[in-house]
Amino acid sequence: MPAKAKITDETQFNIERMILLWEGKLTWKNLTQKISIDLGIQVSRQTLESYNGIYQAYKHKKCSKNTKDHHFKKGIIKADVDLLKRIKKLEAEIELKNKTINEQKRFLQRVLQNATEIPALKGNLDILIAERPEDK
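Nothing here was measured: the structure is a model prediction, and the numbers come from that model. Numbering of residues starts from 1 in every chain and runs along the sequence as written. Two thresholds apply to this predicted model, a pLDDT of at least 70 for residue-level local features and 80 or more for giving and counting side-chain atom pairs, whereas whole-chain, interface and lining totals are computed over all residues. No hydrogens and no water enter the side-chain calculation; it runs on all heavy atoms of the structure.

1. Notes on the nonpolar core
Throughout, nonpolar core names a set of buried Ala, Val, Leu, Ile, Met, Phe, Trp, Tyr and Cys residues whose side chains join them through atoms within 4.5 Å. With a 1.4 Å probe rolled over the protein chains alone, any residue whose accessible area is under 20% of its type maximum counts as buried; one over 50% counts as exposed, and the rest are partly exposed. Residues Ile7, Ile15, Ile19, Leu31, Ile35, Leu48 and Ile54 are the most contacted members of the largest nonpolar core, which totals 15 residues. Elements with a contribution of two residues or more to this core: helix H1 (9-20), helix H2 (28-39) and helix H4 (52-66). Throughout, a residue-residue contact means that at least one pair of heavy atoms, one from each residue, lies within 4.5 Å. Excluding its chain neighbours within four sequence positions, the residues that come into contact with Leu48 are Ile7, Ile15, Trp28, Leu31, Thr32, Ile35, Val43, Ile54 and Tyr55. Helical segments are the DSSP runs of H or I of at least four residues, strand segments are the runs of E of at least two, and each set is numbered from the N terminus.

Pasting the structure below:
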């Protein structure tokens with residue numbers, strides 16, 4: 001009898017992701033074939049079942065595929081709307097942060113340009129942050 005195949009944490013993560021993204025009929029046979037093709041690992045159903053994370057992901061996916069509950073579908077639609085709102089909010093935040101970063105970059109460029117044109121600052125830092133004609 002061959003030894004049980006060793007599944008690393010990374011492999012287990014890949015298998016769980018595979019299950020999560022599974023399209024079509026999910027069976028242990030189909031899963032072991034896909035693992036063999038995609039990951040190059042020969043593994044049995046019994047080996048997969050012995051890993052709690054894989055077993056729970058499989059069980060959850062099978063249960064969610066078999067559930068035809070109207071309330072469940074309604075929850076997904078609301079969740080999608082909430083995610084879309086969150087995405088728009090995050091995109092707006094990114095845009096504002098990029099604007100701030102660009103302003104800070106321009107400010108630093110102005111400081112460096114002013115510093116190169118001043119032979120001796122003599123401790124006067126106000127000269128470094130003075131506006132330049134090209135900034136107006």
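Continuing now.
2. Side note on H1
For a helix, the expected span equals 1.5 Å multiplied by the number of residues minus one. For H1, spanning 12 residues, the distance from its first C-alpha to its last is 16 Å, which sits close to the expected 16 Å at 1.5 Å a residue. For H1, the full list of buried residues reads Thr11, Gln12, Asn14, Ile15, Met18 and Ile19. Looking straight down H1, one finds that the buried residues subtend no more than 160° of arc, so they occupy a single side. Among the exposed residues of H1, those oriented more than 90 degrees off its buried face are Asp9, Glu10, Phe13 and Leu20. For this quantity, the arc is that covered by the directions from the helix axis to the C-beta atoms.

3. Examining a nonpolar patch on the surface
Together, Phe107, Leu108 and Ile129 give the surface a local cluster of nonpolar side chains, amounting to about 270 Å² of exposed area. If you trace the backbone, Leu108 turns up in helix H5 (residues 70-117). Like charges within 9 Å and nonpolar side chains (Val, Leu, Ile, Met, Phe, Trp, Tyr) within 5 Å are joined into patches, using only residues over 30% in relative accessible area that form no salt bridge. Per-residue and other accessible areas were derived by the Shrake-Rupley procedure at a 1.4 Å probe size, with only the shown protein chains allowed to occlude residues. Any Lys or Arg side-chain nitrogen found within 4 Å of a carboxyl oxygen on Asp or Glu counts as a salt bridge.

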